[in-house]
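Residue-level structural notes
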Amino acid sequence: WISPYLGAMEICDIKESHVLTMLDEIEEKGSKPGYVVEFKRLLGRMIRWGKQKQHIQINGNVGKSTDYQGGTLKRDRFLNDSEIETLWNATELKHGINDLWRLVLLCGTRQTETIKARWEHVTLRAGKESWFLPAKNTKTSVNFEIPLSRAAVRLLRELHKAAGEPKAGPVFPALYKTMLEYEVRNRTYCNATQTCQKYLERQGFEYEDRPPTFHDLRRNIMRGMKRCKVDKTVRRAVLNHRSSSMHETHYEGGFDPMDYYDEHRAALNEWAEFLEDIIGPDPILSDNGPKLALVS
């Protein structure tokens, strides 16, 4: 794939338009769903590695996220209520994929960040409920702590009990083991995503473009929090989006989601209540205790 488009070029001459042309060609030749996205990610990872090792000296966005607008990567994709309800209740999915999907939906984390969750980083003590993501496991390469919602705590307590209440180890051992074997997300990422996609198709959903992915859930969370009137800055903290603007970086020390820790927890609780309206009564989502006020 690379040779016809980029093989004869100096790497410092590669432009974003060259990458987009190549991705369009890959998709037009009928590659499997998700292959274009994975190819783009691996290409970017290769270039970033070269820059970090100082083998290449280039600027620009080639090694960053390319805003590909072909059929497999559209930034306006999100799940409808029927898709969310169907996947939430898909308890027959194996290897913990159903619970992985639920935790992503409740916490707003990325799929690979969630797969790497470990029990030693999860605190379920009353009043201290949180999940710590070390920098090596996050896309931003910065430590991130999630104040767990009541629904997420109930889900994690069920998983903790089912696993024999371990003090350490992966929350999703079957998926995490694959991550360690391959050291990249391709096999685990595709298996978990495609399992959910195939399940939706078996349930009668039809897709002209691509089926939904785990990452689409983050758009659902953003849309839901907007409906709940959560402040834009708090929504940004929930999804762990960090700005690279000069003002924030040089004058305010950068955006830190921890500055909105209490608001973060309240927003996730509000989002879980919003989910209950979509899915209906559920032991994970139902909350008969006192509710935290949403701070925005």
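Preceding this section is the structure that the text describes.
Residues numbered from 1 in each chain as written. Predicted model: local features only at pLDDT ≥ 70, side-chain atom pairs only at ≥ 80, totals over all residues. Heavy atoms only, no water.

Even without being a glycine, Glu165 presents a positive backbone phi close to 50°. Mapped onto the secondary structure, Glu165 falls in the loop between helix H7 (150–162) and helix H8 (173–182). A relative accessible area of 52% means that Glu165 is categorised as exposed. (Helix = DSSP H or I, 4+ residues; strand = E, 2+ residues; numbered from the N terminus. Buried < 20%, exposed > 50% of the residue type's maximum accessible area, 1.4 Å probe, protein only.)

Attention shifts here to the side chain of Thr109. One can find Thr109 in the loop between helix H5 (97–107) and helix H6 (111–115). With relative accessibility at 3%, the residue Thr109 sits in the buried group. Side-chain polar atoms of Thr109 contact the side chain of Thr114, separated by 2.7 Å. (Polar contact = N/O pair within 3.5 Å; in protein donor to acceptor, adjacent residues only side chain to side chain.)

Pairing between the strands of a sheet is mediated by backbone hydrogen bonds and can be parallel or antiparallel. The three strands lie next to each other as S1-S2-S3, forming an open sheet whose pairing is antiparallel. Pairing within the sheet leaves two strands with one partner each, and these edge strands are strand S1 (122–123) and strand S3 (144–147). Strand direction decides the pairing type here: S1 and strand S2 (residues 130–133), joined by two bridges, are antiparallel. Of the residues in S2, the one forming a bridge with Thr123 is Ser130. (Pairing = 2+ DSSP bridges.)

Packed helix pairs are specified by the crossing angle of their axes together with the interaxial distance, meaning the distance between the axes. Across the interface, H5 lies against helix H13 (residues 261–279) with an axial gap of 9 Å and an inter-helix angle of 120°. Relative to H13, the element H5 lies oblique. From H5, Leu105, Leu106 and Cys107 reach across to H13, where they touch Leu268, Trp271, Ala272 and Leu275. (Axes fitted to C-alpha atoms, helices over the stretch in contact; angles between N-to-C directions. Parallel < 35°, antiparallel > 145°, perpendicular 65-115°, else oblique. Contact = heavy atoms within 4.5 Å.)

Bringing the pattern of salt bridges into the picture now. A side chain with one charge can pair with a side chain of the opposite charge if their charged atoms come near. Applying the stated rule across the entire model yields four salt bridges. Note that Glu120 is salt-bridged to Arg118, the shortest N-O span being 2.6 Å. As a salt-bridge pair, Arg150 and Glu273 come within 3.7 Å of each other at their nearest N and O atoms. Note that Arg150 is positioned in helix H7 and Glu273 in helix H13, a separation of 123 residues in sequence. For Glu273, a relative accessible area of 22% puts it in the partly exposed group. (Salt bridge = Lys/Arg side-chain N within 4 Å of Asp/Glu carboxyl O.)

Turning to empty space enclosed by the protein, a few remarks are in order. Scanning the entire structure with this criterion turns up four cavities of 30 Å³ or more. Empty space within the largest cavity amounts to approximately 50 Å³. Forming the walls of the largest cavity are Leu79, Leu87, Trp101, Thr193, Cys196, Leu200, Pro212, Thr213 and Phe214. Counting residues per element, the lining of the largest cavity draws most heavily on helix H9 (residues 186–202), at three residues. Its residues assigned to classes, the lining of the largest cavity comprises seven nonpolar, two polar and no charged. Roughly 40 Å³ of volume is contained in the second largest cavity. (1 Å grid on protein atoms, 1.4 Å probe; cavity = no way out; pocket = protein on both sides within 12 Å on 5 of 7 lines; lining within 4 Å. Points joined across faces, edges and corners; volume = space filled by probe spheres on them. Nonpolar A, V, L, I, M, F, W, Y, C, P; charged D, E, K, R; others polar.)

Looking now at the nonpolar core. Counting 59 residues, the largest nonpolar core has Trp101, Leu106, Trp131, Leu148 and Leu156 as the members making the most contacts within it. Setting aside residues no more than four positions away along its own chain, Leu156 makes contact with Leu103, Trp119, Val122, Leu124, Leu148 and Val171. (Core = buried A, V, L, I, M, F, W, Y, C linked by side-chain atoms within 4.5 Å.)

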